[in-house]
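# Observations on the three-dimensional arrangement
Read off the chains here:
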Amino acid sequence: MTARAPALERLPVTLSPRTCAALLVAIMVLAIVLRLAGAWALQHPLDSDPLAYFTMAEGLAERGELKDHYGQHAFYSAGYPLLLAPFFKILGSSVGAAIAVNMLLCAASIWLIYRLGLALSARREAGLLAAAAYALWLPGLWNATMLAKENLTTPLLLGIALSAIAIARDQRPMAAAVVAGLLWGAALVTGGSALLLCLGVAAALLMLWRVRGSFKPPFAAGLCFIAGAAVLMTPWLYATNQMVGRPVLTTNAAFNLYLGNNPAATGKFVSIADTPLGQDWNAARVRLGEVGNADRLQAAALDWIGANPGQAAKLAALKLVYFWAPNLPDSDDMAASKAIASVRLVEVVQYGLILLLALVAFASRLVARDGKWIFAAMIAGFWLVHAAAYIIIRYRDPAMPLLIVLAAVPIAAWIERLLARRGFPDAA
C-alpha cells in the first residue's frame, strides 16, 4: 500500500505545469545572477575557512593530497573540498571555479525547496513562492559568494527532508531510505552539525510504521538508511585512519567542544589564543599531532564541564538562544559601512517574517502533518547539536530553507484566495 499526501485545503489551480517549470527556471536564473553579482561586488579575500577549503581542494586536484593551509588532514570538514576537487581538476584551481560550483548547488537547493513546498502543501504555487524567497534570502546569497561549506550542507539537508517525506508516505520507502542515508553520510563528512538530522528520518520511519501497521517495513528501511550512510562514510573513515592514525569524521569537533566549554567561553566564538590552552597552542599541535591534540582538547572540555556543570548548562542554554538571535548590525558595522548595515537590517526583516510565518504555518492545517513534524525533528536536531560548541549566526543558515518552505505555504494560500475572489482565470 502506498500512502497519499495528507488531504489539504484545495484552492483553484492557477498555474499549469509548463508555466510552473518556466517560472522555476526563471527563479533559478535570478538567484544565480544575484549571487554572481554579489561575488563580483564583494570580492571576498581568501582567508580563514575559505582558504582552508580552497587549499584542500587544490591539493587534492593537483597533487592528490588533502591538507589545509596548516598542514592538517582532517581538521576542516572534507565534504565541500571533496566536491570542489574534481571541478578544480577540470577547470583549474580558482575561486571562480568554486563560485561556479556554488551556483550549481544554489540551483539544486532551489529545486529541492520547490519540491518540498509542493510536498507540504500540494500546491505548486507554494513551492514557487518558497523558491523565490530563497533566491532573495540574503544569507543564502552571501554564502554563495565565498567558499563556505553551508553551500553544500543546505541541499544535503533539503534532500534528507524530501527523502524522509517519501519514507513517511510509503513512496518507495526502501529506495528513499538509501538516498536519505547517502545524503546524511555526505552531510556528516561536510560538517558534524548534521549529526542529529537523522531525527527527521526516525520520525519518518515511525510514520511508515503507522501507515503499514507493521514493524518490518520501517525496520528494513532503517537498515537501508544505515547502509546508505555507511557507503558514504566508510571510505572517508578509512582515509582518515590512513592519514591521522584513527578513523574520524573530523578532528575539529574536539576543538569546537573546547571553545564552547572552557573558562573563557561565552557561547559565541572565542579565539583559541584567549583560552587556557592557547598559550602553547602551536607547539602542542605540532608535538601531539591532529588526533593527540584533539584528545587533549576534548579531555580539557569534559573536565571543565564535569567541574562546572551548572555553568556549562547555562552556556548550553545561552547557545540555543544565540542560535535564533537576529543578525543585528552593531555600532561598528554602522560606522564601517552604512550600505552593508542597511542590507543587514533588510536581512533582519526577512528573518523575522520567515520565523513568524513559519510558526503560523506550523499551527495551520494548510501544511501536511507528516511534513511539518519531519521538519520539526530536523530543525530541532540541527539546533540542539549546536549547544555543545559555540554559535556563529551563519551556522543556522542550512536549516533556514525549511522555515522558508513553511512560511511560503500560508502566503501562497492567501494569494490564491485573493486571485480566486477576483476571478483569476484557471491556467491549468
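The following paragraphs examine the structure supplied in this document. Computed from a predicted structure; not experimentally measured.

Calculation criteria
Residues numbered from 1 in each chain as written. Predicted model: local features only at pLDDT ≥ 70, side-chain atom pairs only at ≥ 80, totals over all residues. Heavy atoms only, no water. 1 Å grid on protein atoms, 1.4 Å probe; cavity = no way out; pocket = protein on both sides within 12 Å on 5 of 7 lines; lining within 4 Å. Points joined across faces, edges and corners; volume = space filled by probe spheres on them. Helix = DSSP H or I, 4+ residues; strand = E, 2+ residues; numbered from the N terminus. Core = buried A, V, L, I, M, F, W, Y, C linked by side-chain atoms within 4.5 Å. Buried < 20%, exposed > 50% of the residue type's maximum accessible area, 1.4 Å probe, protein only. Contact = heavy atoms within 4.5 Å. Expected span 1.5 Å × (residues − 1). Arc of directions from axis to C-beta. Nonpolar A, V, L, I, M, F, W, Y, C, P; charged D, E, K, R; others polar.

Taken as a whole and judged by the stated rule, the model has 3 cavities of 30 Å³ or more. Estimated volume of the largest cavity: approximately 110 Å³. In this structure, the largest cavity is lined by 16 residues; those nearest its centre are Y134, G140, E150, N151 and T154. Elements that contribute at least two residues to the lining of the largest cavity include exactly helix 4 (95–121), helix 6 (138–144) and helix 7 (150–168).

By size, the foremost hydrophobic cluster in this structure holds 116 residues, and its most contacted members are I110, F375 and L402. Residue contributions to this core peak at 13 residues, all from helix 4. In this structure, L402 is in contact with L116, L157, L158, A161, F375, M378 and I379, ignoring residues within four places of it in sequence.

Attention now goes to helix 13 (residues 309–323). Since there are 3.6 residues in each turn of an α-helix, residues three or four apart along the chain are aligned in direction. The end-to-end C-alpha separation of helix 13 is 21 Å, in line with the 21 Å expected for 15 residues at 1.5 Å each. Of all the residues in helix 13, the buried ones are A312, L315, K319, L320 and F323. Seen end-on, helix 13 carries its buried residues on one side only, within an arc spanning 140°. In this structure, helix 13 carries K314 and V321 as exposed residues pointing more than 90 degrees from its buried face. Residues of helix 13 that are buried in the fold lie against helix 11 (252–260), helix 12 (281–307) and helix 16 (369–384).

Moving on, we get to unusual backbone geometry. Backbone geometry places S48, a non-glycine residue, at a positive phi of 55°. By the secondary structure assignment, S48 is in helix 2 (residues 48–63). Note on S48: relative accessible area 46%, which makes it partly exposed. Phi is positive for D170, close to 60°, though the residue is something other than glycine. On the secondary structure map, D170 appears in the loop between helix 7 and helix 8 (173–190). Given the relative accessible area of 2%, D170 is considered buried.

So, on to the environment of I226. Mapping I226 onto the fold places it in helix 10 (residues 216–244). By relative accessible area, I226 is classed as exposed at 53%. Separated by 82 residues in the primary sequence, I226 and N308 place their C-alpha atoms 36 Å from one another.

Here the focus is the layout of surface pockets. Its volume calculated, the largest pocket comes out at about 1,300 Å³. In this structure, the largest pocket is lined by 47 residues; those nearest its centre are N252, A253, F255, N256 and Y390. Ranked by residue count, the leading element in the lining of the largest pocket is helix 12, at 7 residues. Partitioning the lining of the largest pocket into residue classes produces 25 nonpolar, 15 polar and 7 charged. Roughly 780 Å³ of internal volume is contained in the second largest pocket. Every residue lining the second largest pocket is counted, 28 residues in all, and those nearest its centre are H44, W142, N143, M146 and R344. Elements with a minimum of two residues in the lining of the second largest pocket: helix 1 (17–42), helix 2, helix 6 and helix 15 (338–362). Here the residues of the lining of the second largest pocket sort into 16 nonpolar, 5 polar and 7 charged.

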